[in-house]
Amino acid sequence: MRNNLSKNLLLFVLLLTGSIMYSQRTVKGVVSDEAGTLPGVTVQVKGTSTGTQTDLDGNYSVTVTSDSAVLVFSYLGYKTQEITVGSRSTVNATLVEDSTQLDEIVVIGYGKTTVKDATGSVSSVTSENFNRGVVASPEQLIQGKTAGVQITQATGEPGAGVAFRIRGSNSIRSNNNPLFVVDGVPLSGGGTPSPGDIAFGGGNAKNPLNFLNPNDIESINILKDASATAIYGSRGANGVVIIVTKNGKGARDGRWEFDTTFSTAKARKTFELLNGQQYLAAITQFGGDASALNFGNNTDWQDVILRTAPSTTNNLSYSKSFDKGNVRATFSYGNQRGIVENSGQERVTGRVNFQHRFLDDKLEIGAQMSVSRINDDAAPLSSTAGFNGDIIGSAYLANPTWPNNPDFDAGGGSLNPANLLNNYQSRSESTRLLVNLSANYKISDEFSTKVNFGMDNFTGNNISIFGAGVNGINRVSGNGQGNFNELESRSNLVEL
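Conventions used here
Counting starts from 1 at the beginning of each chain's written sequence and moves along it residue by residue. Selection of residues for local features in this predicted model requires a pLDDT of at least 70, selection of side-chain atom pairs for listing and counting requires 80 or more, and totals for whole chains, interfaces and linings are taken over all residues. Neither water nor hydrogens contribute to the side-chain values; these are computed over all heavy atoms in the structure. Strand pairing is assigned whenever DSSP detects at least two bridges linking the two strands. Strands here are runs of E lasting at least two residues and helices are runs of H or I lasting at least four, both read from the DSSP assignment and numbered beginning at the N terminus. In this analysis an axis means a line fitted to C-alpha atoms, helices contributing only their contacting stretch, and an angle means the value between N-to-C directions, from 0 to 180 degrees. For Phe, Tyr and Trp, rings pair up if their centres lie within 6.5 Å, where Trp contributes its six-membered ring, and each pair is then called stacked (planes under 30 degrees apart), edge-to-face (over 60) or tilted (otherwise). Only protein chains enter the accessibility calculation, which uses a 1.4 Å probe. A residue is then buried if its area is under 20% of the maximum for its type, exposed if over 50%, and partly exposed in between. Should a side-chain nitrogen of Lys or Arg be within 4 Å of a carboxyl oxygen of Asp or Glu, the pair is scored as a salt bridge.

S.K.: Kindly report on the sheet that holds strand β3 (residues 42-45), identifying the contributing residues and their values.
M.R.: Strand pairs in the sheet, formed through backbone hydrogen bonds, run parallel or antiparallel to each other. Across the sheet, four strands lie side by side as β4-β3-β6-β7; this open sheet has antiparallel pairing. The sheet is open, and its two borders are formed by β4 (51-53) and β7 (81-84), each paired with just one other strand. Taken over all neighbouring pairs, the strand axes of this sheet differ in orientation by 20° on average, direction set aside. The pairing of strand β6 (residues 70-74) with β7 spans four bridges and is antiparallel. Bridging from a neighbouring strand, F73 pairs with Q81 of β7.

Quick look at the structure:
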């Protein structure tokens, strides 16, 4: 009886394995267009992660599991094609050009062109394809949308600096961020000055694109290769990011728009640190005197320095299109609180874009003007804080039996997180005026001449202060220390 059961079980396994092996088979084929074979075409089994690419001769080979499997053939500039495998072992595909993709307009610095006519490597992301949801700064609109472009935020605080890398880093010691161009005007410098080096190191740099309202952006174009230096010189050595803002086209009857967002943020996960009782038990376990370190409380210092932070963004715009041109005006107010106490960013922006045609539509006058004011508040955070750490490091090291009292001093150079928060203030203020005036005269259907006048005026300052009541910091406790940084930059542009 037992032998029969074993034989039946073995037979079932063999049949099951055989059916699985039979259902998996390899499909081969060649992908081509009207001119010949196509290398680099993506071939994917629909609804799965199984896929491959064609080789230099257009050949491919992929594994399917059933006759109902559908192969999806996709290639830039061609229409995507889907073919059901059926019982065939060879599936060839002929792709057709997609004129819609090839005729997509991209901005390349000295003008506009189409994808098929662009001589360099250009990526364009329009507002229809931007990332959705709560977007605090412009680069988040295209994060993960363009090949070869890596965008990372330096820290999690509001308005933190970004590392924008196009095809990797080009320099070991110099800045690797690309040149940013907004409505034809190259930005003259970085963002708001970072908090100065007081007590335990300087603060973190800010994002140079913070002054832009993401809701105003129509498209972001990225020049990736040598074409960037051909247009912008050495400033474009790390690539160029060209940002184009919205205009009033299509709003024939005039259109008012208002949108508002409200969101909250909190730490996704905190460390599981010892509570007061566990801390005293650990001191005793390792031979220490728990009674000398027992201050009679049970404080979760992560709860003290972290919070659930609300944020809001409000946008008001008016657009109007008329026979000879269009106009669009916007106003935006945003207030983003950080998840660390005493951190946040407040942003107010205003923008007017105007276009009008004269002289039988031969002369077109354009103006893009924006003004912004940004206020940043920072907590005592630093990447060079030393062994005691900044406000976050002190929360990890603090004795959980200490009271949550900003006046408490444990002595011995220990940092009390509540004391740090109460005795530190960092405030940054920046204003930016960006203006671009242009005139384009159409000489004939083939030729036109254009002149641009641009101005970028930036002023920013930061004041950071540790009060004399801070404890545990050499040369600062009992004295206090402050730092004031100011940055002014102005650039003018004339292009013919």
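Next comes the rest of the account.
S.K.: For the packing of aromatic side chains, give the residues involved together with the corresponding values.
M.R.: For any pair of aromatic rings, the description consists of the separation of the ring centres together with the inter-plane angle of the planes. By the definition in use, this model includes seven aromatic pairs. With a centroid separation of 5.7 Å and an interplanar angle of 75°, the aromatic rings of Y60 and F73 are classed as edge-to-face. On the criterion of sequence distance, the pair formed by Y60 in strand β5 (residues 59-64) and F73 in strand β6 is long-range, its members being 13 residues apart. By the burial criterion, Y60 is buried, and F73 matches it. Ring centres of F164 and F180 lie 5.7 Å apart, and the angle between their planes is 80°; on these two criteria the pair is classed as edge-to-face. On the criterion of sequence distance, the pair formed by F164 in strand β13 (residues 162-166) and F180 in strand β14 (residues 179-182) is long-range, its members being 16 residues apart.

S.K.: Please set out the pattern of salt bridges residue by residue, giving values where relevant.
M.R.: In the structure shown here, the tally under the stated rule is 14 salt bridges. Between D216 and R328 there is a salt bridge, with its nearest N and O atoms 3.4 Å apart. Placement of the pair is D216 in the loop between β15 (185-186) and β16 (217-223) and R328 in strand β20 (residues 325-337), with a sequence separation of 112 residues. Judged by its relative accessible area of 4%, D216 is buried. Close ionic contact of E257 with R255 constitutes a salt bridge, the shortest N to O distance being 3.9 Å. Judged by its relative accessible area of 35%, R255 falls in the partly exposed class. A cluster of three or more residues bridged by salt bridges with shared partners is formed by D183, D216, R328 and R351.

S.K.: Tell me what's going on with the pairing of strand β1 (residues 25-33), and back it up with residues and numbers.
M.R.: Pairing of β1 with β5, which is carried by six bridges, proceeds in the antiparallel orientation. Each residue of the ladder has a partner; that of V27, found in β5, is V62. Inspection of the sheet shows β1 paired to strand β8 (residues 93-94) by two bridges, in the parallel sense. When the bridges of β8 are listed, V31 appears paired with A93. In this sheet, strand β2 (residues 36-37) lies alongside β1 in antiparallel orientation, the contact comprising two bridges. Bridged to D33 within β2 is G36.

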